[in-house]
Amino acid sequence: MDVNAAVAAAAAIAGLCTGVIAVLAFRWSEREQQRPTRTSLHTDAVLPPGVDTVLSVLRSSAVVLDESDSVVKASSAAYALGLVRGGKLAVEPMLHMARDTRRDGEIRQVELDLPRRGTGRGEALAVSARVAPLGSRLVLLLVEDLTEARRIEAVRRDFVANVSHELKTPVGALSLLSEAVMDASDDPEAVTRFAGRMQIEATRLTNLVQELIDLSRVQNDDPLEDSEPVRVDELVVEAIDRSRHTASTKQITMATGGTSDLRIWGSRGQLAAALGNLVENAVNYSPAHTRVGISARRVSAPGGDLIEIAVTDQGIGISEKDRERVFERFYRVDPARSRATGGTGLGLAIVKHVAASHGGEVTVWSSEGQGSTFTLRLPEAGAGRDRSHNGPDRLDEDDDRPYDTDPNTEIPAPEVLP
């Protein structure tokens, strides 16, 4: 009995000690959790009240540095631009600015070109950095991405330069021709010849100004403001009428086909101008005694049915390097031929802007010496859709080739227009 009592007493004492130790450990753990850590000091106690909220809604990339140049707070945009890595500011010029500002309290601003992360092409990222003191210990760095603004400014500058050059050519020719007319006032034949050249240059100048106006309009206007269901058949007829005289002179046959009674929702004027430019280009760049085909069909797409309008010619074709640039403003595949036909280099740029503003796209397939196919894809008008048509109207999901890419392919149910 004495032995059992001793064992029981020892077990009770051991249990009591274990309980005391557990309680002490629990209390010590709570005290450690409540003690402010270095991280919490940086993120909560150090930042002035409300600063965290303000930084979270800023469009600029924001970084807050403490007196040891450690990052106290950084926005997600700052990480995306690669400004912060491993808890440190990774851009040395910005770090020097922050130290200078911390020393004298002056606000500093500078524009920098930074290497773009994730690309091996050496592309620069243009940013504007502004550093200001935040309280007595912190420094705030705000960074604006200027890359897109720089690109737009470069495009605008090139556009002005190109417009100046294009306007200078016909204006200079008119000036010289007027002098020639004055010098040849006693020669009626020469006057007639020079006057004819003046009419050609005046027409070219008029076309250039008009296409500049059209390009400006499609860039600034919202096609939804005057949108309506537009019949594709009517757009095709207007485009053919626009180029009928030139096609007749070159004895080019224009054929239409595909699905009839299709409708597109958009601005009738802009859509007519876009398709008219495609047909006009096809006629201008086709040799005599060839054919230009215009065909339309409905194709299925994840976001809703699309209307494809394909313009196919049997012209000189476009090289691979030129296909990437044909939709640029003032870019000409064959400058000499474009000037001979009165081309301004703005027609395809207008087509691209019209397609984009209507939620569609324009693509090109071409083979040198065989011809080209420009395909305009636009959303179909939901109202008045007529699905009772003949012939195939779906694009196979595995077939990403352009419609009627082969100029020698027969257009279904053609209607030949002289």
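Described below are features of the structure shown in this document.

Conventions and cut-offs
- Residues numbered from 1 in each chain as written.
- Predicted model: local features only at pLDDT ≥ 70, side-chain atom pairs only at ≥ 80, totals over all residues.
- Heavy atoms only, no water.
- Helix = DSSP H or I, 4+ residues; strand = E, 2+ residues; numbered from the N terminus.
- Buried < 20%, exposed > 50% of the residue type's maximum accessible area, 1.4 Å probe, protein only.
- Contact = heavy atoms within 4.5 Å.
- Areas by Shrake-Rupley, 256 points an atom, 1.4 Å probe, with all protein chains shown as cover.
- Phe/Tyr/Trp six-rings, centres within 6.5 Å; stacked < 30°, edge-to-face > 60°.
- Lys NZ or Arg CZ within 6 Å of the ring centre and 35° of its normal.
- Pairing = 2+ DSSP bridges.
- Axes fitted to C-alpha atoms, helices over the stretch in contact; angles between N-to-C directions.
- Expected span 1.5 Å × (residues − 1).
- Bend = angle between axes of the 7 residues up to and from the residue.
- Arc of directions from axis to C-beta.
- Left-handed = near helix turned anticlockwise from the far one by under 90°.
- Nonpolar A, V, L, I, M, F, W, Y, C, P; charged D, E, K, R; others polar.
- Salt bridge = Lys/Arg side-chain N within 4 Å of Asp/Glu carboxyl O.

Next up on the list: the overall build of the protein chain. A tally of regular secondary structure across the protein chain gives twelve helices and 15 strands. Sorting the 418 residues of the protein chain into buried and exposed places 38% on the buried side. Nonlocal contacts in the protein chain, meaning residues at least 24 apart in sequence, comprise 66% of its contacts between residues at least 6 apart. Entry remark: accessible area of the protein chain is about 23,800 Å², with carbon and sulfur atoms responsible for 54%.

Taken as a whole and assessed by the stated rule, the structure comprises zero aromatic pairs. Here the guanidinium or amino end of Arg193 rests over the ring plane of Phe194, the centre of that ring lying 5.1 Å away.

Below, the discussion takes up the sheet that holds strand 1 (residues 61–65). Working definition: the strands of a sheet are paired by backbone hydrogen bonds and lie parallel or antiparallel to each other. What the five strands build is an open sheet, ordered 2-1-7-6-5; its pairing is antiparallel. Only two strands of the sheet have a single neighbouring strand rather than two, namely strand 2 (71–74) and strand 5 (108–115). Looking at each pair of strands side by side, their axes are set apart by 25° on average, direction ignored. Against the sheet, helix 5 (residues 92–104) contacts strand 1, strand 5, strand 6 (124–134) and strand 7 (138–145), and its axis sits at roughly 165° relative to strand 5.

Glancing now at helix 8 (residues 232–249). Every α-helical turn comprises 3.6 residues, leaving residues that sit three or four positions apart pointing alike. Taking 1.5 Å of rise per residue, 18 residues should cover 26 Å, and helix 8 covers 26 Å from first to last C-alpha, within 8% of that figure. Its axis deflected by about 55° at Ser243, helix 8 carries its strongest bend there. Within helix 8, burial applies to Val232, Leu235, Val236, Ala239, Ile240, Ser243 and Ala247. Positive backbone phi, approximately 55°, marks Gln251, located one or two places after helix 8.

What follows deals with helix 5. Under the 1.5 Å per step criterion, the end-to-end length of helix 5 is 19 Å for 13 residues, consistent within 8% with the ideal 18 Å. Of all the residues in helix 5, the buried ones are Met94, Leu95, Met97, Ala98 and Thr101. Along helix 5, the residues classed as buried sweep out an arc of 160° about the axis, all on the same side. On its buried side, helix 5 packs onto strand 1, strand 4 (88–89), strand 5, strand 6 and strand 7. Gly105, located one to two residues past helix 5, shows a positive phi value of around 75°.

What follows concerns the packing of helix 9 (residues 268–284) against helix 12 (residues 347–357). To characterise two packed helices, one gives the angle between the axes of the helices and the distance between these axes. Helix 12 packs onto helix 9 with a crossing angle of 140° between their chain directions and a minimal axis gap of 9 Å. When the axes of helix 9 and helix 12 are compared, the crossing they make is left-handed. Across the interface between the two elements, Gln270, Leu271, Ala274, Asn277, Leu278 and Asn281 from helix 9 touch Gly347, Leu348, Ile350, Val351, Val354 and Ser357 from helix 12. Looking at side-chain class alone, the contact of helix 9 with helix 12 contains seven nonpolar, five polar and no charged residues.

For the rest of this paragraph, the subject is the pattern of salt bridges. For the structure on display, the rule yields 20 salt bridges. The closest approach of N and O atoms between Arg102 and Asp69, which form a salt bridge, is 2.9 Å. With Arg102 in helix 5 and Asp69 in the loop between strand 1 and strand 2, this residue pair connects regions lying 33 residues apart in the sequence. For Arg102, a relative accessible area of 25% translates into the label partly exposed. For Asp69, a relative accessible area of 11% corresponds to the buried category. Linking Glu234 and Arg231 is a salt bridge whose minimum nitrogen-to-oxygen distance equals 3.7 Å. Residue Glu234 is classed as partly exposed on the basis of its relative accessible area, which comes to 33%. Of the residues examined, Arg231 reaches a relative accessible area of 27% and is grouped as partly exposed.

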